[in-house]
Every structure is written in C-alpha cells, then in structure tokens.
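Here's the letter readout for the chains.
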Amino acid sequence: MSSLIRFFTSVKVAITLLIILTLASILGTLIPQGRSHEEYLLHYGQLANLLEKLQLTKLYQSFWYLTLLFLFGLNLTICTLLRLPPKIKRLLQPRVDFKPPDLEALRFHHSLSLNLSLDSADQALREILKSRHYRWGEKKTETELTINARKRMAGIFGSDIVHLAILLILFGGIISGLLSFRTDLALHEGEVAEVAWAGFSVRLNSFETEYYPNGQVKDWKSSLTVVENGREIVSKIVEVNHPLNHKNFMFYQSAYGWDWDKAEVELLLRSAEAEAGEKRVKVKTGEKIKVDDETEIQLHRFLPDFVLDENKQPFSRSNEPNNPAALVEITKNGEKAFSGWLFARFPEFSQLHPGKGSSLSAELKNYSASQYSVIHVSRDPGTRFIWAGCILIMLGLALAFYWLPREIRFYLRSEGGRTALTAGGIATKNRESFAKEMETIIALLRKKK
Amino acid sequence: MKEATLFPLAFLLYILAAFFYFASHFSRREKLAKSGSAVALVGFLVHNLALILRTIETGHAPFTNMYESLSFFAWSTVLAMVIAERVFRFYRLSAYLMLIVIALMALASSPLMPKEAMPLVPALQSYWLWLHVSVTLLGEAFFAIAFVASILYLLALRKEKAGEKISNSLNPEKLDSLSYRAVAIGFPLFTLGGLVFGMVWANVAWGRYWSWDPKEVWSLITWFVFALYLHTRIVMGWKGRRSAWIAILGFLAALFTYFGVNYLLSGLHSYA
Ligand code: HEM
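Bear in mind that the values here come from a model prediction, so they are computed numbers and not experimental data.

Engineer: Lay out the packing of aromatic side chains in plain terms, naming residues and giving numbers.
Structural biologist: Inspection of the entire model under this criterion finds 40 aromatic pairs over all chains. Relative to phenylalanine 256 of chain B, the ring of tryptophan 218 of chain B has its centre 4.5 Å away and its plane inclined at 55 degrees; by these criteria the two rings are tilted. Of this pair, tryptophan 218 of chain B sits in helix α7 (residues 214–236) while phenylalanine 256 of chain B sits in helix α8 (residues 241–264), placing them 38 residues apart in sequence. Its relative accessible area of 23% is what places phenylalanine 256 of chain B among the partly exposed residues. A connected cluster of aromatic rings, assembled from ring pairs, spans Phe207, Trp220, Tyr256, Trp258, Trp260, Phe302 and Tyr367 of chain A.

Right under this line is the structure:
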C-alpha cells in the first residue's frame, strides 16, 4: 500500500503521465474522431477495425484515456495533499530557532555590526520591517534575538490552488459526462414543445434569418417564450452567442431547416395549342389538383438541392435550396401528358423532356416550405465546477508567479554595547529583486544611529 | 489614411528596427539597440493605427481571417517585446524576435492571403472573440520570447563548449532565466485567453465548454508542454538545456495550434 502511495506521490510519475497524455491527445487529433465505420473503412482499409477496437476513433471518451486522466488526477491529489501540511506549518509556525551558521548557509546573507544596543537594534529593525510590510515572529533572551520576517506568504499556496482548480475542472468534466442532459428541439413558428425533465415548455414565436447585403447569413433569431403551467414566464430573442437561461436549462440557437418534404410549389403551365394557355397553379407535395376540366397535376417529390447519385438516382445534397427541383406529373383526360423533373434554376431543361405527343410544358416558378429553428437545450450541472475552477486557476497562477513570498531571518547578539547582526533570506523566485530588497534593508539598518 | 497603406509602413519600420538591432548585435554597440527599440516602437504605433483603421473599415475585430490574424499575431509579438525590453531591461532577444515578426508580416502580405474583409459569421459575433483571441495571442507572443531565449541559450552553450568567448549579455544563465520569466508571463495569459475564455465562449456559442475539437486539443497540448516546463524546473531542477528544449517544443506546439490546425486538421474552429 505504501509503495502504491509512494508511486502516486512521485512527481516523476506525474511528468510521465503528462507526457503520455500529451502524446495520446496528439494521436486523437491525427485520427478523425467519431466518424462512421464506413468512413474509417474507406480511409484506413483493414486498419479501421483495429483503430476502432483500440478506441482510437473515440479516443477522448475511451476507457484508457479516461483512465489516464483519472490517474493524473489521483497523482495530483496525493502530491498536493502530502505537500500541504509542511507548508501550513511553515505559514503558522515561523522558525525562530536558528544560529548564524544556518543563515550564512542561505543563498542571500549579510553580517554586520551595529552601533546600537540590542534593544534599539530590535526597535530599528522592527520599524524598517513594518515600513516594508513584513510581519514577523521573534524569540528574545538577554543577549540574543532571532526574528523571522516574512511577507506575501499566500504565494506558497499558489501552486496548490492551481492544482485544486485543475481537480475541480476534472470533477466538473466528470459531472458533465455523467449528469448533463442535452437535446435538440426542431420548432416551427408557433409550435410549443415540452422540455424533457424541465417541467416547462418553450414556444417559438417567430424565426428569422438576417442577411448581409452580399447575401451571407448575418444571424438567426428565434423568439422563444418559456411557458410553465400555461403561464408565460420569460421571452427572449435567442441568437447565436445569446442563449436563454431558465432554471439552469440553456437554450441555444443551433441550426435551422425547411420541411422540404412538405414543400409547396408554384408552376407555370404553357400550352402551345391555346394562345392564352398560360396558367399558374400551386400544388403541395403528394397532392393532386385539377387545373381545368381536362388537366390534372400531381407533385410527387421536391428536392431543394438536386443531384444524381452514382446509380443516377436523384437525391438532395443539402437542405439549402441550391438547386430546387420538383417531380411533376400532368395528365390530360386521364392520359399522361408530362412527367419529369422541373428545375427552378434551369427552366429550359424540362422542355428537353416533354411528355410524348403533347405540346404542354411546365416551369417551376416558386417553391416554399415552412422553416423551423433547431434549439439546442442543455442542462449541465458540471459547468459551475468548471467556472469555479477557472477562477481559482487564475487566482492560483497569479499567486504562484506574482505574489512572491519573501522570508528573512535575523539573528542579533549583544556584544558589549554593540549588536552583531546576521541576516539570511529565502526566496525561490525573482532572486535579483529579492537580493536588492535585502541590501536595502541592510543599508537602512546601517544608517540607524 | 487607410489600413492598406499603414500596414506596409509598419512592416518597413519593423525591418528597419531589425536592421538596427542586428547592427548593435554585431558591432556590440548598445546604443544601436536603443535606436532599434525606438524604431520598433514607432512601427508598433503605426501598426496600432493600422489595426484601429481595420477595425473601423471592417466593423469587427481585426483578427477574423488569416491576413488579419497574422498581422495581429505580429502586433502581439511586438507588444510582448516592448514589454519584455522594459521589464527585463534586455535588448538582445529583440533582434531575433523581430525576425519572427517580419516573417509573420511577410506571410500576411503575401498574395496567398486574401485581404478583403468578409462579414462575420454568426458564431464570431461576440465580444468573447476579442478577449479570447487577443489574450491567447499575447500569451503565445511571450512563448515566442521564451523560444528565442531558449535557442540563444543552446547556441551560447555550444559556443561555450567550443571554448569561444561569449559576450556578457548573452550569458547562458541569464538567457535561461529570461526564458523562465517569459513563460511565467505567457503561461497565465495563455491559460486565461486560450483555455478559460475559450471554454466560456464555447459554452455561450455552442452550448458546451469543451468539444475535443482539434484546436482545443492542441491548446491543451501546448498547455501541457509548458506545465512540463514548469514542473521539470521546479521539482526536478531541470534548468538549462532540457528546459530550453521543452520551451522550444512548447512554442512549436503553440504555432501548430495557431496555423497547423487550420490547414491540416478539420474541426469546429475552421472559420477563416
Ligand atoms: C497540467 C497540470 C498542472 C498544472 C497546470 C500545474 C501547475 C503548477 C504551477 C503553475 C506550479 C507553480 C510552478 C512555479 O511556481 O514555477 C506548480 C507547482 C507544482 N506542481 Fe503542478 N501543475 C499540474 C500538474 C501537477 C501534477 C500532476 C503534479 C504532481 C503529482 C504536480 C506537482 C507540482 C509540485 C510538486 C509543484 C511545486 C509545488 C510547490 O510550489 O511547492 N503538478 N504546478
């Protein structure tokens, strides 16, 4: 058991873990993460199965990566805890049991003889230390005086606060992983959806896309209202970067789309036979309508972004209306007069495929489908630990690097009306400035008469 | 006045500053380095103006495409250098830092970098863009200082080994300490800008603070490398050569986070 603890207290182990974590993390950025089995097969061939078995395709969620993180956290906990008691002792019980040789062994030390009695030297030293914001502990006898003067001692805990913060962030990550709840709501204007586990609903009042003059999307805005027991509680325009927060449930503008499989299109029908044979009709997907006594139109399918796959089968490449196309069938007196795809961007295209023996042609003039907004809902109890960790880590770093502890130990001894003084200083960082500080204090002491 | 005229002016001033710094280097005249520092400062002020004008012209933060981002990274590096010169009272690193700045400015000026401003995509319309990018890049600029100090350290060691005399201002111990002091500034800044502000913004924009996106992971890797730098120094006493190598690797990781991820790996962060 003790050897196990010793293993985890070793900073060498920490450093080894840190190196392994770094290399593992790099590996995860070289292999695309979380793709489908088919994509890996296409990319890596036979290797794909091995990669998936070793969980390299979901590396950051893999058992072994999480185990590494866990060991790292354990190591950090034990390391930090074991070093804490001596630090606290150092803070609470400043050492005053030293002799001149101990001080002369320190990196910064001075020895001098003052033309003052021990009491006045004590007085003078205290004044100087006070003016330079030191606090001290002392031990005094008839002829000897030891003073331990220190300032900014909170700095010795900077690294511990950083480590605690990292543990807090890891803990927050675990909580997020285990307890966070996420879902996406696809809402049409006016639609109300109940939020699972929340006990309230949200209603999408309106959704709009704003564009820049050049046609690029500027923003998506969903006006949402929280409804609880039939009462409207809050409303907010949710846009990207401006989520709605209600009872720890966050609502984000995440995506949008159109119900293209319920599209409505407007067609322009032309008949060469009749001079005034131009007619506009509106028809919905799946619907069959009568245009006049003899003509019927049916809209079979609508695709917003028409392309052909490798088997020459039409499908939609995306949900954006980049190449809208409608599969239309027109019958005249029960006989097929036209059947085929009409393209909004290429009106002449359909004329290449006229129905046989017919002079009828059609154009896809307009199309519309109801738009919906996708709202990402999340409730993540881990975040509070993450933010606490973030604040603590910055505080700890500030302390560790910029609140530098200073400790100066003085030994004074009465020598026939004069006082012999030895000073030794301890500082682990920014030593040049500390050396100057000590020299200044010594110079001030020399001046005291 | 326009950004398009001020940017090349700043570039020219930086080249001139580098000229002075190197002249000081080879002639061993401290005064020339001071002139270099003054010219660099003027270049920096012109660059400031250029960035302000760019912000006014485009109506958004001056780091949303690769051209702007390179220019801003160069600006941060000069800022870090100006600060470091005053805090460390040391000019010897500036000559080499200027080479990095000039490389960044040259890359930004190259015809490969489209200069025209595009309107911001919705995800980037946030003041977190300012906080996240500027603080992170400033942190990385201090890593650049540690990088230069570390390379000079290794070169100085080599010279020492070969029995050559090295000038007092380039003594290895001083360079090692400068590298540490630069990391001591860069590490907290990078933690704040890259990790803390990054997580806060990701949570606001995407609804999760961490997605293991390649750019995030590479920031973490960079952070790990500098954590290694700090710990091997403080607990294992690895000053000097090994420390210098870790700082060099750390800066390279930061560079990869900045450039490589955009061009070589794909993920959420690829806006530019
Ligand atoms: C990425 C994770 C870590 C970060 C960011 C971190 C950060 C820090 C920082 C900023 C310091 C102060 C350094 C200085 O003053 O120069 C420090 C010191 C230290 N760290 Fe860490 N640390 C990490 C992980 C660990 C781990 C896993 C261990 C050990 C198991 C560890 C052990 C120590 C020790 C022993 C010190 C010196 C303690 C002291 O000041 O008394 N650290 N760490």
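Engineer: Please give an account of the coordination of the iron atom of the ligand that cites residues and values.
Structural biologist: Six octahedral donors around a metal ideally sit at 90 or 180 degrees from one another, while four tetrahedral donors ideally sit at 109.5 degrees. Taken together, His163 of chain A (NE2) and His231 of chain B (NE2) make up the full set of protein donors to the iron atom of the ligand, lying 1.8 to 1.9 Å away. Among the residues examined, histidine 163 of chain A registers a relative accessible area of 15% and is labelled buried. With a relative accessible area of 28%, histidine 231 of chain B lands in the partly exposed category.

Engineer: Got a sec to walk through the packing of helix α3 (residues 66–88) of chain B against helix α5 (residues 127–161) of chain B? Specific residues and values, please.
Structural biologist: To characterise two packed helices, one gives the angle between the axes of the helices and the distance between these axes. All names here are of chain B. Look at α3 against α5: their axes get within 8 Å of each other, and the N-to-C directions meet at 60 degrees. When the interaxial angle is binned, α3 and α5 end up oblique. Between α3 and α5 lies a crossing of right-handed hand. For the pair formed by α3 and α5, the contact residues are Ser69, Phe72, Phe73, Ser76, Thr77, Leu79, Ala80, Met81, Ile83 and Ala84 on the first element and Ser134, Leu137, Leu138, Glu140, Ala141, Phe142 and Ile145 on the second. Looking at side-chain class alone, the contact of α3 with α5 contains 12 nonpolar, 4 polar and 1 charged residues.

Engineer: Quick rundown of the site of the ligand? Include the residues and the values.
Structural biologist: Near the ligand there are 21 residues, and of these Cys79, Lys87, His163 and Lys429 of chain A together with His231 of chain B occur at the shortest range. The separation between an oxygen atom of the ligand and a polar side-chain atom of serine 159 of chain A is 3.0 Å. The set of elements that each furnish at least two residues to the shell around the ligand consists of α5 (63–92), α8 (158–179) and α9 (383–402) of chain A together with α6 (172–205) and α7 of chain B. The biggest single contributor to the shell around the ligand is α5 of chain A, with 6 residues. Here the shell around the ligand is built from residues that sort into 14 nonpolar, 4 polar and 3 charged.

Engineer: Before we move on, can you summarise the pattern of salt bridges with the specific residues and values?
Structural biologist: Per the stated rule, a full pass over the model turns up 29 salt bridges over all chains. In this structure, the salt-bridge partner of lysine 140 of chain A is aspartate 119 of chain A, at a minimum N-O distance of 2.8 Å. Of the two residues, lysine 140 of chain A is situated in strand β2 (residues 135–140) and aspartate 119 of chain A in helix α7 (residues 118–131); the sequence distance between them amounts to 21 residues. You can call aspartate 119 of chain A exposed: its relative accessible area is 51%. Between glutamate 85 of chain B and arginine 86 of chain B there is a salt bridge whose closest N-O contact spans 3.6 Å. What emerges from the salt-bridge pattern is a single network uniting Asp119, Asp122, Arg126, Glu138 and Lys140 of chain A.

Engineer: I'd like a rundown of the pairing of strand β22 (residues 418–426) of chain A, residues and numbers included.
Structural biologist: Residue and element names in this part refer to chain A. Within β22, 7 of the 9 residues are buried, which leaves the element mostly enclosed by the surrounding structure. Here strand β1 (residues 108–114) runs beside β22; their pairing, made up of 7 bridges, is antiparallel. From the neighbouring strand, serine 113 faces β22, where its bridge partner is alanine 420. Turn length for the strand β21 (residues 406–415)-β22 hairpin, with the two strands adjacent in sequence and antiparallel, is 2 residues, and the turn residue glycine 416 shows positive phi of about 55 degrees.

Engineer: Break down the nonpolar core for me, citing the residues and quoting the values.
Structural biologist: All names here are of chain B. With 141 residues, the main nonpolar core has Tyr14, Leu93, Met98, Phe187 and Trp223 as its most contacted residues. No other element matches α5, which puts 20 residues into this core. If sequence neighbours within four positions are ignored, methionine 98 has contacts with Tyr14, Ala18, Tyr21, Ala40, Val78 and Met81.

Engineer: Go over the interface of chain A and chain B, please, and point to the residues and values.
Structural biologist: With 46 residues of chain A at the contact, the number on the chain B side is 45 residues. Buried surface at the junction of chain A and chain B, both sides included, amounts to about 3,900 Å², of which 69% is carbon and sulfur. Looking at the side of chain A facing chain B, the largest losses of area belong to Thr29, Asn241 and Phe401 of chain A, adding up to 16% of the total buried there. At the junction of chain A and chain B, the tally comes to 1 salt bridge. Between arginine 181 of chain B and glutamate 432 of chain A there is a salt bridge, with the nearest N and O atoms lying 4.0 Å from each other. Counting only elements with at least two residues in the side of chain A that touches chain B, the list comes to α2 (11–30), α5, α8, β7 (217–228), β20 (371–379) and α9 of chain A. Among the elements that take part in the side of chain A that touches chain B, α2 of chain A stands out by supplying 10 residues, more than any other.

Engineer: Account for α6 of chain B, with residues named and values stated.
Structural biologist: All names here are of chain B. With 34 residues, α6 ought to run about 50 Å at 1.5 Å a step, and its terminal C-alpha atoms sit 46 Å apart, in line with that. Of all the bends in α6, the largest measures some 35 degrees and sits at glycine 198. Burial within α6 is extensive, with 27 of its 34 residues counted as buried. Put simply, asparagine 171 is the residue that caps the front of α6, since its side-chain oxygen is 3.1 Å from the backbone nitrogen of glutamate 173. Backbone geometry just downstream of α6 places glycine 207 in the positive-phi region, at approximately 85 degrees.

Engineer: Go over the sheet that holds strand β9 (residues 244–246) of chain A with me, naming the residues and quoting the values.
Structural biologist: Residues and elements named next belong to chain A. Taken together, the 4 strands give an open sheet; going across it, the order is β4-β20-β10-β9, and neighbouring strands pair in antiparallel fashion. The two strands at the open ends of the sheet, each matched to only one other strand, are β4 (181–188) and β9. Averaged over all pairs of adjacent strands, the angle between strand axes in this sheet comes to 30 degrees, irrespective of strand direction. Note that β4 and β20 share 8 bridges and pair antiparallel. Counterpart to aspartate 184 in the pairing with β20 is histidine 376.

How each quantity is defined
Residues numbered from 1 in each chain as written. Chains lettered and ligands numbered in written order. Predicted model: local features only at pLDDT ≥ 70, side-chain atom pairs only at ≥ 80, totals over all residues. Heavy atoms only, no water. Phe/Tyr/Trp six-rings, centres within 6.5 Å; stacked < 30°, edge-to-face > 60°. Helix = DSSP H or I, 4+ residues; strand = E, 2+ residues; numbered from the N terminus. Buried < 20%, exposed > 50% of the residue type's maximum accessible area, 1.4 Å probe, protein only. Donors = N, O, S within 2.8 Å, 3.2 Å for Na, K, Ca; no water. Axes fitted to C-alpha atoms, helices over the stretch in contact; angles between N-to-C directions. Parallel < 35°, antiparallel > 145°, perpendicular 65-115°, else oblique. Left-handed = near helix turned anticlockwise from the far one by under 90°. Contact = heavy atoms within 4.5 Å. Nonpolar A, V, L, I, M, F, W, Y, C, P; charged D, E, K, R; others polar. Near = heavy atom within 4 Å. Polar contact = N/O pair within 3.5 Å; in protein donor to acceptor, adjacent residues only side chain to side chain. Salt bridge = Lys/Arg side-chain N within 4 Å of Asp/Glu carboxyl O. Pairing = 2+ DSSP bridges. Core = buried A, V, L, I, M, F, W, Y, C linked by side-chain atoms within 4.5 Å. Buried area = accessible area lost by both parts, 1.4 Å probe. Expected span 1.5 Å × (residues − 1). Bend = angle between axes of the 7 residues up to and from the residue.

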